[in-house]
Amino acid sequence: MIICVERRPAEQFPSWVCQWVMLRITPIARVLLLLLFAGCDEPSTVQACQAAGLCDPPPPPESEEIVLLADPSPGSVASLATLGPVLDAVLARAITRPGSTIAVRVVGPDDESSREIVSVVVPEPPRRLRSPQLHEERTVSALRSEILTRITPTLEEGDDQQASAIAASLTLLGRTPRRASRRWILAMSDLRERSRPWLDLETRRCLPTQIQFERLLDRRGLLQPGTFTSADEVQLLDLGLPHLPNCPRCPGGIGRADGLRSLWIAALERAGAGTVVVRGRVPVFDPPPTDTEPPTLTNHTEH
């Protein structure tokens with residue numbers, strides 16, 4: 001008996017057809033049908049091959065460590081309202097990298113009080129999944145709930161915190177051993193350090209120069225060269241510079257925010273961080289490259 005197989009267009013072979021057939025035939029027939037399913041769209045063919053056990057699934061991306069550094073002091077920008085969107089972006093990144101660690105640390109009122117509140121690890125997915133998307137959604141929901149449950153009391157207690165040792169918190173974080181080859185540090189802070197008497201960027205009318213700022217850090221042994229490594233990527237989330245309820249005359253505005261960011265970016269780069277960038281309200285991981293070449297102008301003048 002001769003079987004004739006007509007080559008069919010890709011759209012006539014839905015992905016579920018490929019996978020259903022590949023799971024219900026013998027290994028030899030699987031190899032033959034892999035050739036006959038050349039009319040399937042490429043992703044469907046790959047999925048069918050993997051479901052049949054003839055192809056190894058692609059390795060997942062390398063795991064990473066993502067640390068949220070939240071400043072809960074009064075008037076700062078770290079709150080449950082701002083943490084939610086940031087956490088959603090972090091989980092969307094980490095769920096595709098099993099083994100990644102998500103940690104939340106808080107800025108303390110003094111040099112030694114910064115601490116890690118919660119740390120979770122993205123679990124490895126089972127080898128056989130009926131619905132990978134549903135599994136990811138459930139995992140993300142469980143991790144999000146655990147993080148928020150652990151961090152909520154700390155953020156609510158931050159209203160009573162009258163100081164914010166940002167430089168010390170960053171230094172302790174930089175000296176903490178990394179849990180992956182790459183570490184993202186997301187700073188949720190207005191950057192108004194208030195560690196009297198040695199530094200007050202909250203009520204002081206004029207900001208120090210960069211040289212003065214670095215000298216102040218050196219006296220305290222904070223953010224010294226080598227604190228971070230090139231594997232540390234720091235993002236300063238731009239959540240605005242709200243007015244302080246207990247200090248209506250404290251300086252603010254766009255100019256003040258730009259000056260604060262300049263001080264901290266230079267200090268973090270001096271400390272050895274691989275990259276230091278300012279983002280919006282949510283982090284951006286591996287942004288696509290932009291074309292910086294100027295457009296070519298063509299002269300269409302008719303003679």
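Everything numeric here is computed off the predicted structure, so don't read it as measured data.

Caption draft 1: Examining the packing of helix α4 (residues 80-94) against helix α5 (residues 132-157) more closely. At a closest axis distance of 11 Å, the pairing of α4 and α5 adopts a crossing angle of 150°. Accordingly, the angle class assigned to the pair α4 and α5 is roughly antiparallel. You can see that α4 and α5 cross each other, and the crossing is right-handed. Where α4 approaches α5, its residues Leu-80, Leu-83, Gly-84, Leu-87, Asp-88 and Leu-91 are matched on the opposing element by Val-140, Leu-143, Arg-144, Ile-147, Leu-148, Ile-151, Thr-152 and Leu-155.

Caption draft 2: Seen up close, the sheet that holds strand β3 (residues 115-121). Pairing within the open sheet is mixed, and its 6 strands lie in the order β3-β2-β1-β4-β7-β8. Both outer strands of the open sheet, β3 and β8 (275-279), are each paired with one neighbouring strand and no more. With strand direction ignored, the average angle separating the axes of adjacent strands in the sheet is 20°. Lying over the sheet, helix α8 (residues 254-270) contacts β7 (232-237) and β8, oriented at roughly 155° with respect to β8.

Caption draft 3: Representation of the packing of helix α7 (residues 210-220) against α8 in the model. Interhelical geometry of α7 versus α8 gives an angle of 55° and a closest axis separation of 10 Å. Relative to α8, the element α7 is oriented oblique. Read as a crossing pair, α7 and α8 show a hand that is right-handed. Along its contact with α7, which presents Gln-210, Phe-213, Glu-214, Leu-217 and Asp-218, the element α8 presents Ser-262, Leu-263, Trp-264, Ala-266, Ala-267 and Arg-270. The residue makeup of the contact of α7 with α8, split by class, is 6 nonpolar, 2 polar and 3 charged.

So, how was this worked out
- Position numbers for residues start from 1 in each chain and track the written sequence from start to end.
- The predicted nature of this model means local features are confined to residues of pLDDT at least 70 and side-chain atom pairs, given and counted, to a pLDDT of 80 or more, with totals for whole chains, interfaces and linings taken over all residues.
- Remark: hydrogens and water are excluded; side-chain values derive from all non-hydrogen atoms of the structure.
- Convention adopted: a line fitted to C-alpha atoms gives each axis, helices being fitted over their contacting stretch, and angles between N-to-C directions are expressed from 0 to 180 degrees.
- Secondary structure elements are taken from DSSP: a helix is a run of H or I of four residues or more, a strand is a run of E of two residues or more, and numbering for both begins at the N terminus.
- Here is the rule for angles: anything less than 35 degrees is roughly parallel, anything more than 145 is roughly antiparallel, 65 through 115 is roughly perpendicular, and the remaining ranges are oblique.
- By the definition used in this description, the sense in which the near helix is turned from the far one sets the handedness, with an anticlockwise turn below a right angle giving left-handed and a clockwise turn giving right-handed.
- Whether two residues are in contact is decided by their heavy atoms: any pair within 4.5 Å suffices.
- One requirement defines pairing of two strands: DSSP has to find at least two bridges between them.
- Throughout, the ten residues Ala, Val, Leu, Ile, Met, Phe, Trp, Tyr, Cys and Pro are labelled nonpolar, Asp, Glu, Lys and Arg are labelled charged, and all others, Gly among them, are labelled polar.

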